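Commentary on secondary and tertiary structure
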Number of protein chains: 2
Amino acid sequence: MVDKRLHILEIAEQLFAEKGFEGTSVRDIANTANVNLAMISYYFGSKEKLFNALIEWRASATHDVLNELMIDETLEPFEKMEKLVNLYVDRITTNSRFHCIMTTHLPTIQSEGIKNRMTDVKYHTMESIRKIITEGQKKGVFRKVDIELTVASIMGTIIHVTSSRPLYYRVYGIEQDNPEAYGKKMAPKLKAHLRQLLQAHLAV
Amino acid sequence: MVDKRLHILEIAEQLFAEKGFEGTSVRDIANTANVNLAMISYYFGSKEKLFNALIEWRASATHDVLNELMIDETLEPFEKMEKLVNLYVDRITTNSRFHCIMTTHLPTIQSEGIKNRMTDVKYHTMESIRKIITEGQKKGVFRKVDIELTVASIMGTIIHVTSSRPLYYRVYGIEQDNPEAYGKKMAPKLKAHLRQLLQAHLAV
DNA sequence: GTTTAATTTAAACAAATGTTTAAATTTGCA
DNA sequence: TGCAAATTTAAACATTTGTTTAAATTAAAC
């Protein structure tokens, strides 16, 4: 039953995002997912391999969507950049649990294999944005900027908003709700802010 | 011997940053710090109270430096903003371990008390930047922007660079070194990038 | 120097951890 | 239906976890 495997992955994602890899026990996952403890070893082999499976499952999806955008030759640099930013805002806000794991837990991952795989995924994003910026510079619509740090500003802004939820709850005076509702509220604001920021930053 | 207390705090900070709160055992801290296991309970009471002491110890220092800048009435908005950004770049890059804990581990902290205290510290920064921006808008040198998300871009950029070290190692093709050397290398780049970014973003 | 308090130690505690086992149950197919 | 493979279960495994204990050592005060 492949559904059960997926269900375990979803529950694991939620718990890893909330409490971290080390902070989440296999029993915790099994109980929350309503499966027997041994099923996790049965399906995935170990807790670490379960984490690996989670990364692969989610990362491949983002990878495909990003590639689809990148091969589009009809878009002008500013359009392409805006579409990419909107894509990431949507993916990170609607899928905040996974991206929380990808960003906040990367430094603490002990396994070098997992760490490298997570870095691969981020590197691919970095290269896509670099391609758009250099293309725009060639066409003379973007000015000279530090590309790596421009990527840091884009990703950093989105991630800061999603990972500092307790802060923004207080800033906006809203009571705590689930990440999905928060993401829905913040996504349009983020898109507008980043569009304006990048327009000012990149326009010649 | 107050030195030993401080030594334990420094070691704990290093290990928490590397492996997270849950990923670090009290024995790990004791062994690395070369103190007896029971000394941690003796000095701090518990692992959680040790974490609390760590937050208080580091946060108060940043708080004081920030306040000193904020009361300076002689600075123009752009100067003040640049000084604040430089201050945070320096603090976060030279003190990356603590800020790694503050940002990447905030979402996974289970204790509400610690979570609130960490949010307090961030809120104070948010309010300081807000003050500078509204002041600049009153004086007519800053345009209308989303203040909260501008803060997100500033802090997010710095934090992304410090917390995605494995990514930037690969991007810049440098072999892994310690966080301090990396911070020293990135700090000037970060300051220049953020100055240019904020100039473009904020100038009328 | 004696005594009182503060520090340090090794050992033990119960609880929680990731993983494995071997038996029981269900499923799919001949 | 019969049977082999896949799934599910409860129990146990050995470690590791945070914390406590009570004795030993050191430091400070009189």
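Treat the numbers as computed from the prediction; the structure is a model and nothing was measured.

Digging into the confidence of the model for chain A
Residues of chain A with pLDDT of at least 70 account for 98%, and the chain-wide mean is 91. At the level of individual helices and strands, chain A shows its lowest average pLDDT in helix 6 (residues 96-104) of chain A, which scores 82, and its highest in helix 2 (residues 26-33) of chain A, which scores 96.

Some points on unusual backbone geometry
All names here are of chain A. If you check the backbone angles, Asn34 has positive phi at about 60° while not being a glycine. Locating Asn34 in the fold gives a position in the loop between helix 2 and helix 3 (37-44). Since its relative accessible area comes to 71%, Asn34 is described here as exposed.

Structural notes on the pattern of salt bridges
Side-chain pairing between opposite charges can occur once the charged atoms of the two side chains come close. Tallying each qualifying case throughout the model produces 17 salt bridges over all chains. A salt bridge links Glu13 of chain A to Arg58 of chain A; its shortest N-O distance comes to 2.7 Å. Remark: Arg58 of chain A occurs in helix 4 (residues 47-70) and Glu13 of chain A occurs in helix 1 (residues 2-19); sequence separation between them is 45 residues. Given a relative accessible area of 5%, Glu13 of chain A falls into the buried group. For Glu180 of chain B, the salt bridge identified is with Arg97 of chain B, shortest N-O distance 2.8 Å. Of this pair, Glu180 of chain B sits in helix 10 (residues 179-202) while Arg97 of chain B sits in helix 6 (residues 96-104), placing them 83 residues apart in sequence. Owing to a relative accessible area of 35%, Glu180 of chain B belongs among the partly exposed residues under this scheme. Take Arg97 of chain B: its relative accessible area is 23%, and that puts it in the partly exposed class. A single network of salt bridges, built from pairs that share partners, joins Glu127, Arg130 and Glu148 of chain A.

Some words on the relation of the copies chain A and chain B
Overlaying chain A with chain B gives an RMSD of 0.0 Å, the required rotation being 180° about an axis along which the chain moves by 0.0 Å. The superposition operator between the copies reduces to a two-fold rotation axis.

What about the protein's contact with DNA strand D?
Taken together, 17 residues form the shell around DNA strand D, and within it Met39 and Tyr42 of chain A together with Val26, Arg27 and Lys47 of chain B come nearest. Side-chain polar atom of Tyr42 of chain A to a phosphate oxygen of DNA strand D: 2.8 Å apart, as the coordinates give it. Within the contact set of DNA strand D, a phosphate oxygen lies 2.8 Å away from a side-chain nitrogen or oxygen of Lys47 of chain B. For the surface near DNA strand D, the secondary-structure elements that each account for two or more residues are helix 3 of chain A together with helix 2 (26-33) and helix 3 (38-44) of chain B.

Considering the protein's contact with DNA strand C
With respect to spatial proximity, 17 residues lie near DNA strand C, and among them Val26, Arg27 and Lys47 of chain A together with Met39 and Tyr42 of chain B are the closest. At the protein interface, 46% of the atoms of DNA strand C within 4 Å belong to sugar or phosphate. A distance of 3.0 Å separates a phosphate oxygen of DNA strand C from a polar atom in the side chain of Lys4 of chain B. Within the side chain of Tyr43 of chain B, one N or O atom sits 3.3 Å away from a phosphate oxygen of DNA strand C. Among the elements of the structure, helix 2 and helix 3 of chain A together with helix 3 of chain B are those that each provide at least two residues to the surface near DNA strand C. If one sorts the elements of the surface near DNA strand C by residue count, helix 3 of chain B sits on top with four residues. Among the residues making up the surface near DNA strand C, the classes are represented as eight nonpolar, five polar and four charged.

What about the packing of aromatic side chains?
This structure, assessed with the given rule, holds 16 aromatic pairs over all chains. Summarising the aromatic geometry, the rings of Phe78 of chain B and Phe142 of chain B are spaced 4.8 Å apart at their centres and angled 80° between planes, so their arrangement reads as edge-to-face. Taken together, the positions of Phe78 of chain B in helix 5 (residues 77-94) and Phe142 of chain B in the loop between helix 7 (112-138) and helix 8 (147-163) put the pair 64 residues apart, joining distant regions of the chain. By relative accessible area, which is 3% here, Phe142 of chain B ends up buried. Three or more aromatic residues joined by ring pairs make a cluster, and in this case those are Phe16, Phe21 and Phe51 of chain A. The lysine or arginine in question, Arg58 of chain A, covers the ring of Trp57 of chain A, its NZ or CZ lying 4.0 Å from the ring centre.

Observations regarding the interface of chain A and chain B
The interface is formed by 50 residues belonging to chain A together with 50 residues belonging to chain B. By the criterion of area lost to chain B, the three top residues of chain A are Leu149, Leu167 and Arg170 of chain A, representing 14% of everything that side buries. Here chain A is connected to chain B by two salt bridges. Among the ionic pairs, Arg170 of chain A bridges to Asp120 of chain B, the shortest N-O distance being 2.4 Å. Scanning the region where chain A abuts chain B turns up 14 residue pairs in polar contact (both at pLDDT 80 or more). At the level of elements, helix 1, helix 7 (112-138), helix 8 (147-163), helix 9 (165-172) and helix 10 (179-202) of chain A are the ones that each hand at least two residues to the side of chain A that touches chain B.

Here we look at helix 6 of chain A
Across the nine residues of helix 6 of chain A, eight count as buried, placing the element largely inside the fold. Taken residue by residue, helix 6 of chain A has Ser96, Phe98, His99, Cys100, Ile101, Met102, Thr103 and Thr104 of chain A as its buried positions.

A short note on helix 4 of chain A
An α-helix turns once per 3.6 residues; consequently, residues spaced three or four apart project the same way. Taking 1.5 Å per residue as the helical rise, helix 4 of chain A with its 24 residues ought to reach 34 Å, and the 35 Å between its terminal C-alpha atoms agrees with that figure. Residues Lys47, Leu50, Phe51, Ala53, Leu54, Ile55, Arg58, Ala59, Thr62, Leu66, Leu69 and Met70 of chain A constitute the buried set of helix 4 of chain A.

Some details on the side chain of Thr157 of chain B
Secondary-structure assignment places Thr157 of chain B in helix 8. In this structure Thr157 of chain B touches Leu149, Ala152, Ser153 and Gly156 of chain A together with Ala152, Leu190, His193 and Leu194 of chain B, once residues within four positions along its chain are discounted.

Points about the state of the cysteines
One pass over the structure, following the stated rule, counts zero disulfides over all chains. Not engaged in a disulfide, the cysteine Cys100 of chain A finds its nearest cysteine sulfur in Cys100 of chain B; these two sulfurs lie 13 Å apart. We classify Cys100 of chain A as buried; its relative accessible area is 12%.

About the thresholds
Residues numbered from 1 in each chain as written. Chains lettered and ligands numbered in written order. Predicted model: local features only at pLDDT ≥ 70, side-chain atom pairs only at ≥ 80, totals over all residues. Heavy atoms only, no water. pLDDT = per-residue confidence, 0-100. Helix = DSSP H or I, 4+ residues; strand = E, 2+ residues; numbered from the N terminus. Buried < 20%, exposed > 50% of the residue type's maximum accessible area, 1.4 Å probe, protein only. Salt bridge = Lys/Arg side-chain N within 4 Å of Asp/Glu carboxyl O. Least-squares fit on C-alpha atoms with pLDDT ≥ 70 in both. Near = heavy atom within 4 Å. Polar contact = N/O pair within 3.5 Å; in protein donor to acceptor, adjacent residues only side chain to side chain. Nonpolar A, V, L, I, M, F, W, Y, C, P; charged D, E, K, R; others polar. Phe/Tyr/Trp six-rings, centres within 6.5 Å; stacked < 30°, edge-to-face > 60°. Lys NZ or Arg CZ within 6 Å of the ring centre and 35° of its normal. Contact = heavy atoms within 4.5 Å. Buried area = accessible area lost by both parts, 1.4 Å probe. Expected span 1.5 Å × (residues − 1). Disulfide = S-S within 2.5 Å.

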